[in-house]
Amino acid sequence: EEQYFLRFFCFYYILLGGIRYAGRFSRDDGSHKLIWSLYEFGLLLMLEGLGGPQGGEAQWSLYLLAAGGLFGLIAVGFSIRAAFWIPRARKFGGASALIHLACSWLLLAAGMTGQGVRETEWAVLLLCVA
């Protein structure tokens, strides 16, 4: 079903953002540990939200809000942080941050209104593939 396809790729691109960060940036400081803890907690909230009303498509859906928050965390905590500390990653980190911020905004808006969820998930999928 289309819903499972879209949810799978939303999880996939959030995990891919974490993998890209881990592959490029390896600091062991307090902020790094905090970011990873928030990331793991956000993934847990996304999974919990899928069991919510209407499968995560209702207004104030935990799934949509957690996904939007995670895309924002990937943009700010992962992409911008890596771009700041690694000169060779600045272009990639900046572009990645813009894409993830757009995805975050779209998912948070859909989560707050509860409308256009499928269209939003398609837009997020297309933004991440591009």
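Peer 1: Give me the nonpolar core: which residues, what numbers.
Peer 2: Residues Cys10, Ile14, Tyr39, Met46 and Phe71 are the most contacted members of the largest nonpolar core, which totals 29 residues. At 10 residues, the largest contribution of residues to this core is made by helix H3 (residues 62-85). Ignoring anything within four residues of it in the chain, the contact list for Met46 reads Cys10, Phe11, Ile14, Tyr63, Ala66, Ala67 and Leu70.

Peer 1: Mind laying out the side chain of Arg81, listing which residues take part and the relevant values?
Peer 2: Its location among the elements puts Arg81 in helix H3. Polar contacts involving the side chain of Arg81 include one to the side chain of Ser31, which spans 2.9 Å. Those residues in contact with Arg81 that sit more than four places away from it in its chain are Tyr21, Phe25, Asp29, Ser31, His32, Ile35 and Val76.

Peer 1: Requested: an account of the confidence of the model for the protein, with residues and values cited.
Peer 2: Per-residue pLDDT for the protein averages 87, and the proportion of residues at 70 or more is 98%. Helix H4 (residues 90-113) holds the highest mean pLDDT among the elements of the protein, 92, whereas helix H1 (residues 2-24) holds the lowest, 87.

Peer 1: An account of H4 is needed here, citing residue identities and associated values.
Peer 2: For H4, with 24 residues, the first-to-last C-alpha span of 34 Å sits near the 34 Å given by 1.5 Å per residue. The complete set of buried residues in H4 reads Gly93, Ser96, Ala97, His100, Cys103, Ser104, Leu107, Ala110 and Gly111. Those residues of H4 hidden inside the fold are in contact with H1, H3 and helix H5 (117-129). After H4 finishes, the residue Gly114 shows a positive phi value of roughly 75°.

Peer 1: Before we move on, can you summarise the packing of H1 against helix H2 (residues 30-50) with the specific residues and values?
Peer 2: Two elements in contact, H1 and H2, have axes separated by 12 Å at closest approach and are oriented at 170°. Taken as axis vectors, H1 and H2 run roughly antiparallel relative to one another. Contacts from Arg7, Cys10, Phe11, Ile14, Leu15, Gly18, Tyr21 and Ala22 in H1 reach His32, Trp36, Tyr39, Leu43, Met46, Leu47 and Leu50 in H2. Of the residues in the contact of H1 with H2, the class split is 12 nonpolar, 2 polar and 1 charged.

Peer 1: With reference to specific residues and values, describe H5.
Peer 2: Counted at 1.5 Å a residue, the expected span for H5 with its 13 residues is 18 Å, and the 18 Å between its end C-alpha atoms agrees. The complete set of buried residues in H5 reads Val117, Thr120, Glu121, Val124, Leu125 and Cys128. Down the axis of H5, the buried side of the element spans an arc of 140°, and every buried residue falls inside it. Away from the buried face of H5 by more than 90 degrees, exposed residues Glu119, Leu126 and Val129 are located.

What counts and how
Residues numbered from 1 in each chain as written. Predicted model: local features only at pLDDT ≥ 70, side-chain atom pairs only at ≥ 80, totals over all residues. Heavy atoms only, no water. Core = buried A, V, L, I, M, F, W, Y, C linked by side-chain atoms within 4.5 Å. Buried < 20%, exposed > 50% of the residue type's maximum accessible area, 1.4 Å probe, protein only. Helix = DSSP H or I, 4+ residues; strand = E, 2+ residues; numbered from the N terminus. Contact = heavy atoms within 4.5 Å. Polar contact = N/O pair within 3.5 Å; in protein donor to acceptor, adjacent residues only side chain to side chain. pLDDT = per-residue confidence, 0-100. Expected span 1.5 Å × (residues − 1). Axes fitted to C-alpha atoms, helices over the stretch in contact; angles between N-to-C directions. Parallel < 35°, antiparallel > 145°, perpendicular 65-115°, else oblique. Nonpolar A, V, L, I, M, F, W, Y, C, P; charged D, E, K, R; others polar. Arc of directions from axis to C-beta.

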